[in-house]
Amino acid sequence: SLAGVGSFSLEFYFLSQVLGVNTYKQAVDGIFQHVITYQHQDGIVPSYWNVMTGEPENSQGGLGSGSDSFVEYLLKVPLLACLEEKGADNSSLLDCTPVLRDMLKLYDKIVQGPLRSNHVIRKGSDPSIAYPADHYRYHQLVCFLPGLVALGSSVNHHDNTIERKATDFALAEEMARGCQDMYEDATTGLGPEEVNVDNKRGDRSYQLRPEYIESVFILYQLTGREEYQDIGWQIFQSIEKFCKTKTGYTGLNDVYNPPNGNDGEGGGGRVDNMPSYFLAETLKYLLLLFAPDDYVSLDEFVFTTEAHPLMRASRVKGAALASPSYIQAELARDVYLVHA
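**Observations regarding the overall build of the protein**
Helix and strand content of the protein: eleven helices and 13 strands. Relative to its full complement of 340 residues, the protein shows a buried share of 51%. For the protein, long-range pairs separated by at least 24 residues make up 62% of all intrachain contacts whose partners lie at least 6 apart in sequence. Put simply, the protein shows about 15,800 Å² of open surface, and 52% of that area lies on carbon and sulfur atoms.

Structure representation (structure tokens):
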């Protein structure tokens, strides 16, 4: 899938930085320059590819499953790898290579075009609530979009005007309200996997996913508003109440019909599965939401789609990023320690 291809790009760029070789980032650049030759007029790239021939296997694309990590990294790879320069007003601007600038341009094209036109459903009774959607249905997976668009609105680059940053951030908050509305509407306080926004028909399960929590964490980091910590705490309490078992945590079959017995039975019942991303991402973002603001700051780090923080090249001071002494010193920093 396009998401599978995209998921390597941030890590490969980081490998090139820490090892001091171009091999890995050149591979990313080559793949990016190849797949964008198949982009549609609105910037959407086909979702599924034959890795042996390098040709797309379908013409459709989107922002959800099959494409999400690629779209996410169109912003995050430049954030990781670009250096900074001073603008005319003495503000910091991203100083990027031509390929990284092309990634930012495609990200902007998608946000200004198909994201707004095809991936947002406004609530009829309150247009300030915008459900992130894929194939015209609310999807839990695309609740990463509020955080991504908010992060993009905070980036200073030559094409990101003050007006665009403001409208993008407003859209990010509206989409976050859409995800939150789905959570609050459910009896369990946990959002469904994928439903029609009007009648709530569809996949009403909760799969312990991290996407909305990630967006809440990013919005809190960018605004400092405690309302986002309150949202995270409410979600955590719902997880504790409905998903915790004696041996771990499980998803729910129906967020509108919770288990009603001490053993987790009755109602819609539980999903007999605890995915690895629950520990690696969902709980990590909840932890960071309540950690000191500079514990793992978005000013210094970019998070991979699996929630691993990688230090931005523009934040490395003094030593060369690829030097062994830098790597050893960086790994020894307290920021990587978890204090019980």
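**Looking at unusual backbone geometry**
A negative phi holds for most residues other than glycine; trans holds for most peptide bonds. With a phi angle near 55°, His 135 is a residue other than glycine that sits in the positive phi range. Relative to the helices and strands, His 135 resides in the loop between β6 (126–134) and β7 (137–139). Of note, Leu 208 is a non-glycine position whose phi angle comes to about 65°, a positive value. Assignment of secondary structure puts Leu 208 in the loop between β9 (202–203) and α8 (211–223).

**Regarding the pattern of salt bridges**
Side chains that carry opposite charge are capable of pairing whenever their charged atoms lie near each other. Summed over the entire model, instances satisfying the criterion amount to 13 salt bridges. Taking the shortest distance from any N to any O, the salt bridge between Lys 123 and Asp 181 comes out at 3.2 Å. Of this pair, Lys 123 sits in strand β5 (residues 120–123) while Asp 181 is found in helix α7 (residues 162–185), placing the two residues 58 residues apart along the sequence. The network of salt bridges with common partners includes Glu 72, Lys 76 and Glu 214.

**Focus on helix α2 (residues 9–19)**
The set of residues buried in α2 consists of Ser 9, Leu 10, Tyr 13, Ser 16, Gln 17 and Val 18. Within two residues after α2, Gly 20 carries a phi angle of roughly 70°, on the positive side.

**Let's talk about the state of the cysteines**
The tally for this structure, following the rule as stated, stands at two disulfides. In this model, Cys 82 is linked to Cys 96 through a disulfide, with the two sulfur atoms separated by 2.0 Å. Note on the Cys 82 and Cys 96 pair: the S-S dihedral is about 120°, so by sign convention the disulfide is right-handed. Placement of the pair is Cys 82 in the loop between α4 (68–81) and β3 (83–86) and Cys 96 in the loop between β4 (92–95) and α5 (98–118), with a sequence separation of 14 residues.

**Some words on the side chain of Ser 7**
Tracing the chain through its elements places Ser 7 in the loop between α1 (2–6) and α2. The buried category is assigned to Ser 7, whose relative accessible area is 19%. Beyond its immediate chain neighbours, meaning those up to four positions away, Ser 7 contacts Ser 69, Tyr 73 and Thr 305.

**Considerations on the sheet that holds β7**
An order of β5-β6-β7-β8-β9 is seen for the five strands of this open sheet, with the pairing classed as antiparallel. The open sheet has two edge strands with one neighbour each: β5 and β9. Pairing analysis gives two bridges linking strand β8 (residues 194–195) to β9, with the strands arranged antiparallel. For Glu 194, the partnering residue across the bridge sits in β9 and is Asp 203.

**Thoughts on the pairing of β5**
Bridge count between β5 and β6: four bridges; the pairing is antiparallel. Among the inter-strand pairings, Ile 121 is bridged to a residue of β6, identified as Tyr 131. Linking β5 back to β6 in an antiparallel pair, the connection comprises two residues.

**Observations regarding empty space enclosed by the protein**
Under the defined criterion, the tally for this structure stands at two cavities of 30 Å³ or more. As a volume, the largest cavity reaches approximately 70 Å³. Along its surface, the largest cavity is lined by Lys 76, Leu 79, Leu 151, Glu 214, Ile 218, Leu 298, Phe 301, Val 302 and Phe 303. Elements with a contribution of two residues or more to the lining of the largest cavity: α4, α8 and β12 (301–303). Considering each element in turn, the lining of the largest cavity owes the most residues, three residues, to β12. Taken together, the residues of the lining of the largest cavity break down into seven nonpolar, no polar and two charged. As for the second largest cavity, its lining consists of Leu 2, Gly 43, Ile 44, Val 45, Gly 62, Ser 67, Phe 70, Val 71 and Ile 110. Here the residues of the lining of the second largest cavity sort into six nonpolar, three polar and no charged.

**Remarks on the packing of α7 against α8**
Contact pair α7 / α8: the axes reach a minimum separation of 11 Å and the direction vectors enclose 135°. When the interaxial angle is binned, α7 and α8 end up oblique. At the point where α7 passes α8, the crossing takes the left-handed sense. Residues Phe 169, Glu 173, Ala 176, Cys 179, Gln 180 and Tyr 183 of α7 form the contact with α8, whose own contacting residues are Tyr 212, Leu 219, Leu 222 and Thr 223. Residue composition of the contact of α7 with α8, by class: seven nonpolar, two polar and one charged.

Reading the values: the criteria
- Residues numbered from 1 in each chain as written.
- Predicted model: local features only at pLDDT ≥ 70, side-chain atom pairs only at ≥ 80, totals over all residues.
- Heavy atoms only, no water.
- Helix = DSSP H or I, 4+ residues; strand = E, 2+ residues; numbered from the N terminus.
- Buried < 20%, exposed > 50% of the residue type's maximum accessible area, 1.4 Å probe, protein only.
- Contact = heavy atoms within 4.5 Å.
- Areas by Shrake-Rupley, 256 points an atom, 1.4 Å probe, with all protein chains shown as cover.
- Salt bridge = Lys/Arg side-chain N within 4 Å of Asp/Glu carboxyl O.
- Disulfide = S-S within 2.5 Å.
- Pairing = 2+ DSSP bridges.
- 1 Å grid on protein atoms, 1.4 Å probe; cavity = no way out; pocket = protein on both sides within 12 Å on 5 of 7 lines; lining within 4 Å.
- Points joined across faces, edges and corners; volume = space filled by probe spheres on them.
- Nonpolar A, V, L, I, M, F, W, Y, C, P; charged D, E, K, R; others polar.
- Axes fitted to C-alpha atoms, helices over the stretch in contact; angles between N-to-C directions.
- Parallel < 35°, antiparallel > 145°, perpendicular 65-115°, else oblique.
- Left-handed = near helix turned anticlockwise from the far one by under 90°.

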